Each structure stands twice: as structure tokens, then as C-alpha cells.
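Architecture and fold: a report
Now for the letters of each chain:
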Amino acid sequence: MRLRLAFLVFVSVVALACRETTSPTQFLETATVRFVDVEGGCWYITQGQRSYKPLNLPAEFADDALQVRVTFVRRDDRVSICGGPIIQLLSIQTR
């Protein structure tokens, strides 16, 4: 009985560890790059009331109020002192 229980616990832990850590690809046609001056400063990609914290914003796009189009995946497995949903940019271009 104990062996069966241990096996079930092991399988459950492995199944949870193997789950996908990124979401499906998302696209924002009209977004804005924003700089928020907190804790040394944080760059965001915003659209309306939504703000996303990019992991990999290229330096040439670090321009407050820059209008962009982006393709990204959410990275719920990451955290940031800046807060907000963390995203990994797959592509970014100016509008």
C-alpha cells in the first residue's frame, strides 16, 4: 500500500513539473512601450489598461511612448520586482 501511494505521489509530481510554462503565442497590433520610474525603472508594453513586463525588450525599442506591434508568449514561470504579467517577446516592430 505504501509503495502504491509513493508511486502515485511521484507520478503526480512529475506530471506537474512537466507542464507547459508558457502560454500560446499572442499578438498586439497596437501597443505602446512605456517606462515607469520605480525601483530603478521598469519597461512595459501596454495596450489600453493592460501592461506587460517584457523579459527581452531590445535596447533600440526602449523609447517611452514608442508605438509598436508585438508577438509574445506569457511567462507565468517568471517573476519581476516590477510586477505585471511577464512576457517573452518573439517579435517587435514599430508601427
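Described below are features of the structure shown in this document. (Residues numbered from 1 in each chain as written. Predicted model: local features only at pLDDT ≥ 70, side-chain atom pairs only at ≥ 80, totals over all residues. Heavy atoms only, no water.)

This part takes up the side chain of Thr46. Structurally, Thr46 can be placed in strand β2 (residues 42-47). Given the relative accessible area of 14%, Thr46 is considered buried. With near-sequence residues (within four places) excluded, Thr46 lies in contact with Ala31, Thr32, Arg34 and Ser51. (Helix = DSSP H or I, 4+ residues; strand = E, 2+ residues; numbered from the N terminus. Buried < 20%, exposed > 50% of the residue type's maximum accessible area, 1.4 Å probe, protein only. Contact = heavy atoms within 4.5 Å.)

Another aspect to go through is the side chain of Arg75. Structurally, the position occupied by Arg75 is in the loop between β4 (67-74) and β5 (86-94). Reaching out from Arg75, the side chain makes a polar contact with the side chain of Gln88 at a distance of 2.6 Å. (Polar contact = N/O pair within 3.5 Å; in protein donor to acceptor, adjacent residues only side chain to side chain.)

On to the state of the cysteines. Enumeration according to the criterion identifies 1 disulfide in this entry. The disulfide partner of Cys42 is Cys82, and the S-S distance across this bridge is 1.8 Å. Handedness here is read from the sign of the S-S torsion; for Cys42 and Cys82, about -80°, the answer is left-handed. In this pair, Cys42 is assigned in strand β2 and Cys82 in the loop between β4 and β5, connecting sequence segments 40 residues apart. (Disulfide = S-S within 2.5 Å.)

Take the sheet that holds strand β1 (residues 26-36) next. The 5 strands lie next to each other as β1-β2-β3-β5-β4, forming a closed barrel whose pairing is mixed. Taking the axes of each pair of neighbouring strands and ignoring which way they run, one obtains an average angle of 55° across the sheet. Relative to β4, β1 is paired through 5 bridges, and the arrangement is antiparallel. By the bridge assignment for β4, Ala31 is matched with Val68. (Pairing = 2+ DSSP bridges. Axes fitted to C-alpha atoms, helices over the stretch in contact; angles between N-to-C directions.)

A few words on the pairing of β1. Strand direction decides the pairing type here: β1 and β2, joined by 5 bridges, are antiparallel. Bridge assignment links Phe35 to a residue of β2, and that residue is Trp43. Once β1 ends, the chain turns through 5 residues before running back antiparallel as β2, passing Glu39 with a positive phi of about 50°.

This part is about the pairing of β5. Bridge count between strand β3 (residues 50-54) and β5: 2 bridges; the pairing is parallel. Counted as the bridge partner of Lys53 is Ile86 from β5. Looking at chain direction, β4 and β5 are connected through 7 bridges and run antiparallel. Note that in β5 the partner of Arg74 across the bridge is Ile87.

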